[in-house]
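Given next are the chains, with one letter for each unit.
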Amino acid sequence: MARVEELKAKAQAAIDTRRDWLIDVAKTVLHHPEPGFHERKTADLVSQKLHELGIAHDRDIALTGLKGYLTGGRLGPTVAVIGEMDSLRVPGHAYADPATGAAHACGHHCQLGMMLGAAVGLQAAGVIEHLAGRVALIAVPAEEFIDVEYRWQLHQEGTLGLMAGKQEFIRLGAFDDVDMAMMVHTTSRPDDGQFAVGGTSNGHVVKYVRFIGKAAHAGGAPHEGINALQAAMVALNALNTQRETMRDNDTIRLHGILTKGGAAVNSIPADVRYEGRVRGRSIEAIIDANMKMDRCLKAGALALGAQVHIVTIPGYLPMQNNARLMEIFKSNAAHLVGASHVKTHPSTQNRGGSTDMGDLSQIMPVIHPYTAGATGTGHGVDYVVQDYEQAVLAPAKAMAMSVIDLLVEDAAKATEVLAKSPPTMTKEQYMALQNSRFIEEIYEGK
Ligand SMILES: [Zn+2]
Ligand SMILES: [Zn+2]
């Protein structure tokens with residue numbers, strides 16, 4: 001047992017030695033925010049840093065993703081350490097790109113520092129050779145499911161299959177040689193303590209909707225037109241009437257944005273576009289709420305005699321944290337910050353948001369813990385990372401230490417995790433489920 005502690009101490013010391021280098025990676029990404037499937041500069045930076053660490057890697061997986069390996073002294077399972085590359089779009093954020101509104105309002109910039117930090121710790125002299133197996137270092141694009149119209153175009157031209165980063169990595173086989181995975185997300189919530197493990201998240205489907213009307217002079221002859229904006233407004237009001245039909249336990253969220261409200265103020269809007277989301281904590285609850293969403297969209301078209309094109313796109317599956325991986329991570333986090341600062345959320349506690357780590361959690365053991373270090377409102381203008389020690393270095397150490405626990409002693413713990421955690425579904429079942437959730441419908445409101 002002494003040797004495990006010795007390896008962990010070496011990994012931590014190596015991460016501390018690279019302190020400024022790792023924090024600089026996170027801050028550089030912060031200052032160059034790029035939304036999903038646009039992360040070119042971010043990918044160049046991660047590639048350059050992997051080169052500096054001497055880690056061979058593949059690029060351009062799912063357009064912008066990267067994947068490298070550290071190889072242990074003996075054969076064994078492969079544990080992935082993941083960092084997400086993408087920003088959101090939050091105009092007005094302190095670090096928003098003025099041209100695009102892109103901003104790291106979800107803290108993903110820190111995840112790349114964490115992923116590289118874990119690599120630094122694990123490749124340290126006297127550590128990696130004692131591990132049995134491999135560490136896959138994965139920088140994955142597009143966790144925030146935004147810019148739906150853009151991604152739908154990429155899907156239709158065959159550039160993307162599934163439309164988010166980890167989903168597409170799964171489809172392309174980039175997780176085929178991975179046995180289990182971990183990542184850490186930043187949080188500003190006081191009830192998460194310094195670190196938090198456990199809990200679940202909502203799954204969802206994504207909606208790309210076009211209301212099609214008829215253009216006409218908005219002053220001279222509005223009666224000759226069909227107002228697609230009014231159709232959309234009826235639909236959105238109808239959606240709000242559904243709220244009392246939702247069960248609290250299903251944590252349904254119906255929300256969206258109008259991405260196009262018309263073309264010219266003096267012409268009756270004939271092409272109005274809506275990107276929406278139907279979230280819920282189980283696949284059945286999402287199916288039920290999605291049926292209501294479709295009903296409301298059609299009600300808008302019917303009221304105005306417009307047409308509505310509804311594209312339903314497979315979103316994320318609910319998150320399940322692996323209990324054994326959680327215990328391993330938790331004990332390492334407790335070692336770093338003290339047990340009283342590590343919170344455990346019960347599996348009944350569901351976060352309203354969603355993540356494509358949920359998709360991965362259906363086909364292999366994963367954890368998605370949280371680390372403090374941020375303040376402000378998640379996805380808001382004021383969400384900023386204040387404490388880079390906690391938001392980059394501490395989770396890098398906790399992940400490196402957890403990988404050591406999993407892969408030392410001929411990977412005994414990793415082998416146990418795999419033996420006792422059969423996945424909910426195979427990759428083939430996952431792909432069949434997700435492909436079945438692509439639905440296109442045109443409804444004539446007559
Ligand atoms: Zn987010
Ligand atoms: Zn996030």
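Model, not experiment: these values are computed from the prediction.

(A) Representation of the sheet that holds strand β1 (residues 57-61). Here we have six strands laid out as an open sheet, ordered β1-β2-β6-β3-β7-β15, and mixed in their pairing. Every interior strand has two partners, whereas the edge strands, β1 and β15 (366-367), have only one. Across three bridges, β1 lies against strand β2 (residues 65-71) in antiparallel orientation. Note on β2: the bridge partner recorded for H57 is G68. Helix α3 (residues 40-52) rests against β1, β2 and β6 (132-140) of the sheet, and its axis sits at about 175° to β1.

(B) A look at the coordination of the zinc ion (ligand 2). The zinc ion (ligand 2) binds to the protein through C106 (SG), H108 (NE2) and H185 (NE2); the donor distances cover 2.0 to 2.3 Å. All donors of the zinc ion (ligand 2) belong to a single chain; written as a sequence motif, their spacing is C-x1-H-x76-H. The metal-metal distance between the zinc ion (ligand 2) and the zinc ion (ligand 1) is 3.0 Å, with C106 coordinating both. Of this pair, C106 sits in the loop between β5 (102-103) and α4 (108-122) while H185 sits in strand β8 (residues 185-186), and the two are 79 residues apart along the sequence. A single burial state applies to C106 and to H185, both of which are buried.

(C) Region of interest: the sheet that holds strand β10 (residues 203-212). Across the sheet, which stays open at both edges, the five strands sit in the order β11-β12-β10-β13-β19 with antiparallel pairing between neighbours. Strands with a single pairing partner mark the edges of an open sheet, and in this sheet they are β11 (253-260) and β19 (439-444). Neighbouring strand axes in the sheet, compared pairwise and without regard to direction, differ in orientation by 20° on average. Across the sheet, helix α7 (residues 228-240) is in contact with β10, β11 and β12 (271-280); its angle to β12 comes to roughly 15°. Of the strands in this sheet, β10, β11, β12, β13 (307-314) and β19 touch helix α8 (residues 283-304), which is tilted by about 10° from β10.

(D) Highlighting the coordination of the zinc ion (ligand 1). Within the protein, the zinc ion (ligand 1) binds to C106 (SG), E144 (OE) and H379 (NE2); these donor distances fall in the range 2.0 to 2.2 Å. We note that the donor set of the zinc ion (ligand 1) lies within a single chain, spaced as C-x37-E-x234-H.

(E) Structural detail: the state of the cysteines. In this structure the tally under the stated criterion is zero disulfides. Counting only cysteine sulfurs, C106 is the nearest neighbor of C110, a cysteine outside any disulfide, at a range of 11 Å. In this structure C110 comes out as buried when scored by relative accessible area, which is 0%.

(F) Region of the structure containing unusual backbone geometry. With a phi angle near 50°, D147 is a residue other than glycine that sits in the positive phi range. Mapped onto the elements of the fold, D147 is located in the loop between β6 and α5 (148-156). Classification of D147 as buried rests on a relative accessible area of 15%.

(G) Structural context of the pairing of β10. Most of β10 sits inside the fold, with eight of its 10 residues counted as buried. For β10 and β12, the ladder comprises 10 bridges, and the chain directions are antiparallel. Within β12, the position partnered with R210 by the bridge is R273. In terms of strand pairing, β10 meets β13 through eight bridges, oriented antiparallel. Following the sheet pairing, Y208 is matched in β13 by V311.

Calculation rules
Residues numbered from 1 in each chain as written. Chains lettered and ligands numbered in written order. Predicted model: local features only at pLDDT ≥ 70, side-chain atom pairs only at ≥ 80, totals over all residues. Heavy atoms only, no water. Pairing = 2+ DSSP bridges. Helix = DSSP H or I, 4+ residues; strand = E, 2+ residues; numbered from the N terminus. Contact = heavy atoms within 4.5 Å. Axes fitted to C-alpha atoms, helices over the stretch in contact; angles between N-to-C directions. Donors = N, O, S within 2.8 Å, 3.2 Å for Na, K, Ca; no water. Buried < 20%, exposed > 50% of the residue type's maximum accessible area, 1.4 Å probe, protein only. Disulfide = S-S within 2.5 Å.

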